[in-house]
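# Fold and geometry: a report
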Amino acid sequence: AQKVTQAQTEISVVEKEDVTLDCVYETRDTTYYLFWYKQPPSGELVFLIRRNSFDEQNEISGRYSWNFQKSTSSFNFTITASQVVDSAVYFCALSEAGDYKLSFGAGTTVTVRA
Amino acid sequence: EPEVTQTPSHQVTQMGQEVILRCVPISNHLYFYWYRQILGQKVEFLVSFYNNEISEKSEIFDDQFSVERPDGSNFTLKIRSTKLEDSAMYFCATSRGLSGNTIYFGEGSWLTVV
């Protein structure tokens, strides 16, 4: 069963526009962890954020912000005032308590045009 | 910031040959992982390794694959009798602890089987 769904395959924006990436997850555990990773064209996976299921506070880090809503099982990611360097594939991932692995979504390709 | 280091960055191999991918984990990390990403697809979990043994493996990780940490530093993934469909980016990853701990990824080893 698909545990993490990223419904948006590709998003294209013009520089300085805001872009929001959707992530919907599925789990029966009450304790779980959510992550976002960035994969730039060079291919590496860069950790962006980790959020546990007991902390629903939204978080802001520079131009990045995350909106965690347990009621809708969503953990959305917004890039404010996008820049060309934000062009990448962004993956949402889930780890359940006691589990060793991350379950990744299919990823959303973000293209920021100058 | 400590990094997970992978070698080689790219390897081309003939079908049927054996390949060994190497990883140097972050020094105080105890859990090690291999993930795979076929071109254009999601990142998939292969195996996790803790205390010198496999702790979990996916259906993909069959008898063709093996992992070990022979010298206490390098963590290796061996792929025997490579097939065309083994062509993918292979990511090594490490974490300090179990679920909830951030998993840090290396830059990946791109394997091309011809």
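This report concerns the structure included in the present document. Since we're looking at a predicted model, the values are computed, not measured.

## Some points on the overall build of chain B
Along the backbone of chain B there are 0 helices and 11 strands. The C-alpha atoms of chain B give a radius of gyration of 13 Å, which matches the 13 Å a tight globule of 114 residues would have. Considering only C-alpha atoms, chain B reaches an extent of 35 × 25 × 25 Å along its principal axes. Surface summary for chain B: the accessible area is close to 5,700 Å², and the carbon and sulfur share equals 45%.

## Digging into the pattern of salt bridges
Residues and elements named next belong to chain A. Scanning all chains against the criterion turns up 7 salt bridges over all chains. The partner of Lys 3 in a salt bridge is Glu 96, and the shortest N-O contact between them spans 2.8 Å. Taken together, the residues span a long stretch of sequence, with Lys 3 in the segment before β1 (4–5) and Glu 96 in strand β10 (residues 88–96) at a distance of 93 residues. Here Asp 99 ties to Lys 101 by a salt bridge, and the two come within 3.2 Å at their closest N and O atoms. Note on accessibility: Asp 99 and Lys 101 belong to one class, buried. If you follow the salt bridges from partner to partner, you end up with Arg 51, Asp 55 and Glu 59 in one network.

## Quick look at the side chain of B:Arg36
Residues and elements named next belong to chain B. By the secondary structure assignment, Arg 36 is in strand β4 (residues 31–37). Look at Arg 36 and you get buried, because its relative accessible area is 9%. Contacts of Arg 36, omitting those with residues within four sequence positions, involve Lys 42, Val 43, Glu 44, Leu 46, Ile 60, Glu 85, Ala 88, Met 89 and Tyr 90.

## Focus on the environment of B:Tyr31
Its location among the elements puts B:Tyr31 in strand β4. Residues B:Tyr31 and B:Trp110, spaced 79 residues apart in sequence, show a C-alpha to C-alpha distance of 22 Å. Those residues in contact with B:Tyr31 that lie beyond four places of it in its chain are A:Tyr100, B:Phe49, B:Tyr50, B:Ala93, B:Thr94, B:Ser95, B:Arg96, B:Gly97 and B:Leu98.

## Structural notes on the sheet that holds strand β1 (residues 5–7) of chain B
All names here are of chain B. Taken together, the 4 strands give an open sheet; going across it, the order is β1-β3-β8-β7, and neighbouring strands pair in antiparallel fashion. Here the strands that pair on one side only, and so sit at the sheet edges, are β1 and β7 (65–68). On average, each strand axis in the sheet is inclined to that of its neighbour by 15 degrees, with strand direction left out of account. Where strand β3 (residues 19–24) and strand β8 (residues 75–79) come together, 5 bridges link them in antiparallel fashion. Residue pairing in the sheet places Arg 22 in a bridge with Thr 76 of β8.

## Let's talk about the nonpolar core
Grouped together as the largest cluster of nonpolar side chains are 24 residues, with contacts concentrated most on A:Leu21, A:Trp36, A:Trp66, A:Phe77 and A:Tyr90. Where this core is concerned, the elements lending two or more residues are β2 (10–14), β3 (19–21), β5 (32–39), β6 (46–52), β8 (64–69), β9 (74–79), β10 and β12 (108–113) of chain A. Counting 21 residues, the second largest nonpolar core, distinct from the first, contains B:Val4, B:Val19, B:Ile26 and B:Trp34.

## Concerning the state of the cysteines
As enumerated under the stated definition, the model contains 2 disulfides over all chains in all. With a sulfur-sulfur separation of 1.9 Å, A:Cys23 is cross-linked through a disulfide to A:Cys92. An S-S torsion of about -65 degrees defines the bridge between A:Cys23 and A:Cys92 as left-handed. Placement of A:Cys23 in the loop between β3 and β4 (24–25) and of A:Cys92 in strand β10 is noted, with a sequence separation of 69 residues between them. Residue A:Cys92 is classed as buried on the basis of its relative accessible area of 0%. Residue B:Cys23 pairs covalently with B:Cys92 via a disulfide, S to S 2.0 Å. Between B:Cys23 and B:Cys92 the sulfur-sulfur dihedral comes to about -65 degrees; the bridge is accordingly left-handed. Separated by 69 residues along the polypeptide, B:Cys23 in strand β3 and B:Cys92 in strand β9 (residues 88–95) bring together distant segments of the chain.

Criteria and cut-off values
Residues numbered from 1 in each chain as written. Chains lettered and ligands numbered in written order. Predicted model: local features only at pLDDT ≥ 70, side-chain atom pairs only at ≥ 80, totals over all residues. Heavy atoms only, no water. Helix = DSSP H or I, 4+ residues; strand = E, 2+ residues; numbered from the N terminus. Rg over C-alpha atoms; globule rule 2.2 N^0.38 Å. Areas by Shrake-Rupley, 256 points an atom, 1.4 Å probe, with all protein chains shown as cover. Salt bridge = Lys/Arg side-chain N within 4 Å of Asp/Glu carboxyl O. Buried < 20%, exposed > 50% of the residue type's maximum accessible area, 1.4 Å probe, protein only. Contact = heavy atoms within 4.5 Å. Pairing = 2+ DSSP bridges. Axes fitted to C-alpha atoms, helices over the stretch in contact; angles between N-to-C directions. Core = buried A, V, L, I, M, F, W, Y, C linked by side-chain atoms within 4.5 Å. Disulfide = S-S within 2.5 Å.

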